Amino acid sequence: MDAKKPYVIAIIIQFIYTGMFVVSKAAFDHGMNTYVFIFYRQAAASLLLLPMALLLERKNVRSLSPGLLLKLFFLALIGITFSLNLYNVSLKFTSATVASATTNAMPVVTFCFALLLKMEVFKLRSSSGIAKLAGVSLCLAGVFVIAFYIGPALSPINHHRVFAPSHTSALTSSAPSRMTWIKGTFFMVLANMAWSLWIVLQGKLLKEYPNKMLMTVTQCVFSAVQSFVVAVVAERDFSKWSLRLDISLLAVLYNGFVVTGVTYYLQAWCVEMKGPVFLAVWNPLCFVFTIFCSSFFLGEIVNLSSVVGGILLVGGLYSVLWGKSKEIKNAPCGKVNTMDDADDDNCHHKPQEQEQPTSASIVEQV
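Residues numbered from 1 in each chain as written. Predicted model: local features only at pLDDT ≥ 70, side-chain atom pairs only at ≥ 80, totals over all residues. Heavy atoms only, no water.

The chain goes by WAT1-related protein in an unreviewed UniProt entry, where it is assigned to Urochloa decumbens. In its Sequence similarities (unreviewed entry) section, the UniProt record describing the chain reads: "Belongs to the drug/metabolite transporter (DMT) superfamily. Plant drug/metabolite exporter (P-DME) (TC 2.A.7.4) family." Per its UniProt entry, the chain bears the Subcellular location (unreviewed entry) comment "Membrane". (UniProt positions renumbered as here; feature names shortened; annotations may be inferred.)

Chemist: Looking at this model, I keep getting lost on the overall build of the chain. Mind explaining?
Modeler: On a plain count of helices and strands, the chain comes out with 13 helices and two strands. By the burial criterion, 53% of the 366 residues in the chain qualify as buried. In the chain, once contacts between residues fewer than 6 apart in sequence are set aside, the share between residues at least 24 apart is 87%. Of the accessible surface of the chain, which amounts to about 17000 Å², a share of 69% is contributed by carbon and sulfur atoms. (Helix = DSSP H or I, 4+ residues; strand = E, 2+ residues; numbered from the N terminus. Buried < 20%, exposed > 50% of the residue type's maximum accessible area, 1.4 Å probe, protein only. Contact = heavy atoms within 4.5 Å. Areas by Shrake-Rupley, 256 points an atom, 1.4 Å probe, with all protein chains shown as cover.)

Chemist: Even after reading the chapter, I still don't get the packing of helix α2 (residues 34–56) against helix α3 (residues 66–93), so can you show me in this structure?
Modeler: Between two packed helices, what matters for the description is the angle formed by their axes and the separation of those axes. The geometry of α2 relative to α3 is characterised by a closest axis approach of 9 Å and an angle of 135 degrees between their N-to-C directions. On the basis of their axis angle, the class for α2 and α3 is oblique. Like other packed secondary-structure pairs, α2 and α3 cross with a definite hand, here right-handed. Residues T34, Y35, F37, I38, R41 and Q42 of α2 form the contact with α3, whose own contacting residues are I80, L84, N85, N88, V89 and K92. Here the contact of α2 with α3 is built from residues that sort into six nonpolar, four polar and two charged. (Axes fitted to C-alpha atoms, helices over the stretch in contact; angles between N-to-C directions. Parallel < 35°, antiparallel > 145°, perpendicular 65-115°, else oblique. Left-handed = near helix turned anticlockwise from the far one by under 90°. Nonpolar A, V, L, I, M, F, W, Y, C, P; charged D, E, K, R; others polar.)

Chemist: Help me out: how do you make sense of the state of the cysteines in this one?
Modeler: Here a disulfide denotes a covalent bond joining the sulfur atom of one cysteine to the sulfur atom of another. Overall, the coordinates contain zero disulfides when judged by the stated rule. Here C112 is not cross-linked by a disulfide; its sulfur's nearest cysteine counterpart is in C139, at 8.3 Å. The thiol sulfur of C293 is not disulfide-bonded, and the nearest other cysteine sulfur, from C286, lies at 9.1 Å. (Disulfide = S-S within 2.5 Å.)

Chemist: Sorry, what's going on with the packing of aromatic side chains here?
Modeler: What characterises a pair of aromatic rings is the spacing of the ring centres plus the angle enclosed by the ring planes. By the definition in use, this model includes 17 aromatic pairs. Their ring planes at 80 degrees and their centres at 6.3 Å tell us that Y40 and W241 sit as a pair that is edge-to-face. A residue pair is termed long-range when its members are at least 10 positions apart, and Y40 in helix α2 and W241 in the loop between α9 (212–234) and α10 (247–274) qualify at 201 residues. Each member of the pair, Y40 as well as W241, carries the same accessibility label: buried. Ring centres 5.6 Å apart and planes at 90 degrees place the aromatic pair F73 and F74 in the edge-to-face group. Given the relative accessible area of 30%, F73 is considered partly exposed. Accessibility expressed as a relative area gives 43% for F74, which makes it partly exposed. (Phe/Tyr/Trp six-rings, centres within 6.5 Å; stacked < 30°, edge-to-face > 60°.)

Chemist: Just to check I follow, could you spell out the pattern of salt bridges for this structure?
Modeler: Two side chains with opposite charge may pair up if their charged atoms get near one another. Tallying each qualifying case throughout the model produces three salt bridges. Among the ionic pairs, D29 bridges to K25, the shortest N-O distance being 3.7 Å. Separated by four residues within a single helix, D29 and K25 lie in helix α1 (residues 5–29), roughly one turn from each other. Each member of the pair, D29 as well as K25, is classed as buried. Note that R244 is salt-bridged to D246, the shortest N-O span being 3.7 Å. (Salt bridge = Lys/Arg side-chain N within 4 Å of Asp/Glu carboxyl O.)

Chemist: What should I look at first to understand the nonpolar core in this one?
Modeler: Side chains of nonpolar character tend, in soluble globular proteins, to be buried together. Judged by nonpolar contacts, the single largest core of 42 residues is most densely connected at Y17, M20, F21, F37, Y40 and Y87. Going through the elements one at a time, α1, α2, α3, α4 (96–103), α8 (178–208), α10, α11 (276–281) and α12 (283–297) are the ones with two or more residues in this core. The element that contributes the greatest number of residues to this core is α1, accounting for 12 residues. Setting aside residues no more than four positions away along its own chain, F37 makes contact with S24, F28, M32, N88, A251, V252 and N255. The next biggest cluster of nonpolar side chains, apart from the first, holds 19 residues, and it includes A45, L72, L205 and C220. (Core = buried A, V, L, I, M, F, W, Y, C linked by side-chain atoms within 4.5 Å.)

Chemist: Please clarify how helix α6 (residues 127–148) should be interpreted in this entry.
Modeler: Since the α-helix turns once every 3.6 residues, residues separated by three or four places project in the same direction. Here α6 contains 22 residues, and its C-alpha end-to-end distance of 31 Å stays within 8% of the 32 Å for a straight helix at 1.5 Å per residue. Turning to α6, its buried residues are S128, G129, A131, K132, G135, C139, G142, V143, V145, I146 and A147. Those residues of α6 that are buried are in contact with α4, α5 (106–116), α8 and α13 (304–330). (Expected span 1.5 Å × (residues − 1).)

Chemist: Any chance you could explain the side chain of Q42 here in plain terms?
Modeler: You can see Q42 is positioned in helix α2. If near-sequence neighbours (up to four positions away) are discounted, Q42 is found in contact with I80, L84, C220, S223, A224 and S227.

Chemist: Explain the packing of α6 against α13 to me, please; I cannot follow it from the model alone.
Modeler: One can describe the packing of α6 onto α13 by two numbers: an axis separation of 7 Å at closest approach and a directional angle of 165 degrees. Relative to α13, the element α6 is oriented roughly antiparallel. Two packed elements cross with a definite hand, and for α6 against α13 that hand is left-handed.

As structure tokens, then:
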């Protein structure tokens, strides 16, 4: 039974992320401001994580130097505040299916950033190098297919939406214009690029300061403050900040507590047991779940472009992951790239003490 636990946990994680895409989209369809939503989400996450950090890491708080705090501030600005705000705007412009599909490109984008920062190796003449190049190409093709190709629409499973918005908001959100759809798709890609850059930079900073709990909580608090400033500038009508007992409140609580709290723990456990590549392999399952759930709960009309583009993105993901695994298998002991967390069993016989974010990992830490 213990051997099956990582597989069960990985599936549960994908279910949780499916719920995040669907519930967040439903809240935006009901008219919730995306910037206000991010502030509430990060504030809820801070309220959850800050007491835990003070209880478990109070002796290490003084180790956070001013220089380190400044680095964490900019990390939070890039990878959380900017990325999440742009991501939610794009989710409002497109659909939950597109959001889930483009997530599969994140490990590939992270690999590209790691390559630019000389944290990754790329040998074009090797089979692993060809696989990585093919993965990047497939991801680019997938993004362009989603953005520019429409294709026939697939009828929704449930024509009566479970999360039915008001008549006014339904008219404005159900049929985005073609230009809005294209803009939203590329906003989603840009948000994933910011998130991927955050993963790479955080990986470098973890070598300097390996306390994951304090790094996570500090960035979460910083992002809550930053998101508040952004929300105040974007939405000055404070009557629209009120949370009612509807899908908007559910979305805030779900994202703040379940996604940030429960998923963070489950992903950390799963990565520690099986490594980041194992977790990334399960990402396409979230895409399948989201197609079904967004159609059933939101009544979304899924276009063929989203399905074809998603398949290309999944192909790109697996191509890069195969190239990485091939590279690790062929590397001599001690020569495996530092961006890879999965140790070669022939080189290491002791358990891993700590995992670092990698180009194959999309572990959400806040």
